[in-house]
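# Summary of structural features
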Amino acid sequence: MINIIWAMMAIIGIVFAMFNGTMEQVNEALFKGANEAVTLVLSLTSVLVFWVGIMRVAEEAGILRQFAKMSRPLVKRLFPEIPQDHPAMGYILANFSANLFGLGNAATPMGIKAMEEMKKLSQSDRASNSMITFLVINTSSITLIPTTVIAIRMQYQSAAPTEIVASTILATMIATISGIIIDRIFRKIRDR
Amino acid sequence: MIEWMTTISIWLVPITVMMVLLTAIIKKVPAYEVFVEGGKEGLKMSVSLLPFLLGMLVAIAILRSSGALEAFISFIQPLLSSIGFPAEVAPLAILRPISGTAALSVTSEIIQTYGPDSFLGRLASTMQGSTDTTLYILTVYFGAIGIKKWETP
């Protein structure tokens with residue numbers, strides 16, 4: 001499915017540009033998009049090298065095993081396929097807590113490590129049930145303080161820049177819960 | 001409460017790093033060597049990530065620059081306003097899961113035009129803050145570990 005979505009995005013854009021007279025912009029955007037990706041990966045590289053390094057130390061020191069044990073009651077229900085005290089559980093909890101405190105930088109490497117551990121469990125280049133649940137929760141973004149938005153609101157002289165925290169948390173919670181429910185429905189359909 | 005949370009966020013990373021390194025020394029783990037080994041793995045992840053992210057960002061860039069996305073938004077806007085959805089934030093609702101940078105600039109624009117404390121300003125802020133860029137998350141997480149098939153069989 002992703003092959004079709006990806007190809008269609010580009011095809012629709014190019015065909016539309018033929019009739020809209022925006023071919024020049026499309027031609028420019030092609031290379032700008034590629035450049036943007038390299039810049040983005042470069043900035044992700046520093047974060048990935050640092051955090052994956054630190055997490056390897058945490059793993060060797062046995063901290064991760066401790067984390068996996070702590071997360072068992074919560075994570076077991078959400079990810080029934082992951083065996084008890086598997087390192088994936090530790091990384092999932094680490095990712096969730098980093099997201100919660102708005103440490104997006106640290107959350108991504110931890111999440112990728114969690115995905116990697118889940119890949120070891122499924123031993124396939126296809127997405128597994130646990131991976132899908134994990135990414136559903138990540139896209140609905142469990143955050144307590146939306147720092148970027150607060151910064152923009154401050155920039156435009158809001159009388160109460162943090163006023164939106166409560167509504168944001170409520171919206172995030174609804175999104176996360178709906179995401180999990182929809183994921184469970186799809187999982188039932190797939191497993192049938 | 002917010003200031004308190006911000007302080008926690010600032011302290012959390014350095015304290016976490018310190019705790020990890022301290023535990024490593026106590027447990028006699030060769031911290032630097034292990035860190036470097038892990039770092040190499042992180043480097044491999046970002047190399048694996050590049051083609052996935054590049055492909056996706058180029059496709060999104062084509063779609064946006066051609067005007068096709070805008071056309072889709074103006075097509076769907078009247079449908080959304082007919083069910084009471086404010087037309088001003090319709091572009092944001094559609095862009096948010098596709099492109100993080102585009103959504104952020106739309107949010108800033110709405111806040112600038114209508115004011116941060118207006119209903120639309122607060123609505124846009126909530127929409128921007130309460131979710132992440134779906135396509136980016138999927139691309140990064142699947143890309144870094146080399147998952148090519150996004151659905152289970």
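The structure presented is a predicted model; accordingly, all values stated were derived computationally and were not measured. In every chain, residue numbers begin from 1 and rise along the written sequence. Here every chain gets a letter starting at A, and every ligand a number starting at 1, in the order they are written. Confidence filtering applies because this is a predicted model: local features only for residues at pLDDT of at least 70, side-chain atom pairs given and counted only at 80 or more, and all residues used for totals across whole chains, interfaces and linings. The side-chain numbers reported here are obtained from all heavy atoms of the structure, hydrogens and water having been left aside.

### What to know about the UniProt feature "transmembrane region" (unreviewed entry) in chain A
Residue and element names in this part refer to chain A. We apply this condition: UniProt positions are given in the numbering used here, feature names are shortened, and annotations may be inferred rather than shown by experiment. To qualify as a helix, a DSSP run of H or I must reach at least 4 residues; to qualify as a strand, a run of E must reach at least 2; elements of each kind are numbered from the N terminus.
Per the UniProt record, "transmembrane region" (unreviewed entry) is found at residues 6–23, 35–54, 88–112, 132–152 and 164–186. Split by type, residues 88–112 is 88% helix and 0% strand. Its first and last C-alpha atoms lie 10 Å apart. In residues 132–152, the share of helix is 67% and the share of strand is 0%. The end C-alpha atoms are 32 Å apart.

### Considering the packing of aromatic side chains
Threshold: Two aromatic rings from Phe, Tyr or Trp, using only the six-membered ring of Trp, form a pair when their centres are within 6.5 Å; if the ring planes differ by under 30 degrees the pair is stacked, by over 60 it is edge-to-face, and anything between is tilted. Think of it in three bands: with a 1.4 Å probe and only protein chains considered, a residue is buried below 20% of the maximum accessible area for its type, exposed above 50%, and partly exposed in between.
For the coordinates displayed, the defined rule picks out four aromatic pairs over all chains. With 6.1 Å between their ring centres and 65° between their planes, A:Phe50 and B:Phe35 make a pair best called edge-to-face. With A:Phe50 in helix 2 (residues 23–60) and B:Phe35 in helix 2 (residues 31–65), this pair bridges two chains. Given a relative accessible area of 32%, A:Phe50 falls into the partly exposed group. The exposure class assigned to B:Phe35 is partly exposed, which follows from its relative accessible area of 22%.

### Thoughts on the UniProt feature "transmembrane region" (unreviewed entry) in chain B
UniProt records the feature "transmembrane region" (unreviewed entry) for residues 7–26 and 46–63 of chain B in the present numbering. Its end C-alpha atoms 25 Å apart, residues 46–63 of chain B is made of 100% helix and 0% strand.

### Details of the UniProt feature "domain: Nucleoside transporter/FeoB GTPase Gate" (unreviewed entry) in chain A
The sites that carry the UniProt feature "domain: Nucleoside transporter/FeoB GTPase Gate" (unreviewed entry) are, in the present numbering, residues 42–151 of chain A. Annotated as 76% helix and 0% strand, the span residues 42–151 of chain A places its first and last C-alpha atoms 24 Å apart.

### Here's the deal with the interface of chain A and chain B
Which entries qualify depends on this criterion: The criterion used for residue contact is that any of the two residues' heavy atoms lie within 4.5 Å. When two parts are put together, the accessible area they lose, computed with a 1.4 Å probe and summed over both, is reported as buried area. In the sections that follow, a salt bridge refers to a side-chain nitrogen of Lys or Arg positioned within 4 Å of a carboxyl oxygen of Asp or Glu. The definition of a polar contact used here is a pair of N or O atoms within 3.5 Å, where within protein one atom must be able to donate a hydrogen and the other to accept one, and adjacent residues in sequence count solely through side-chain atom pairs.
Each partner contributes to the interface: chain A provides 85 residues, whereas chain B provides 77 residues. Both sides of the chain A and chain B interface together cover about 7,100 Å² of buried area, and 75% of this is carbon and sulfur. Three residues stand out in chain A for area buried against chain B, namely A:Met9, A:Arg126 and A:Tyr156, and they jointly supply 9% of the buried area on that side. Joining chain A to chain B, the criterion identifies five salt bridges. Across the salt bridge formed by B:Asp117 and A:Arg153, the nearest N and O atoms sit 3.4 Å from each other. The tally of links between chain A and chain B comes to 23 residue pairs in polar contact (both at pLDDT 80 or more). For the side of chain A that touches chain B, the elements supplying multiple residues, two or more each, are helix 1 (2–20), helix 2, helix 5 (104–122), helix 6 (129–139), helix 7 (147–155) and helix 8 (165–191) of chain A.

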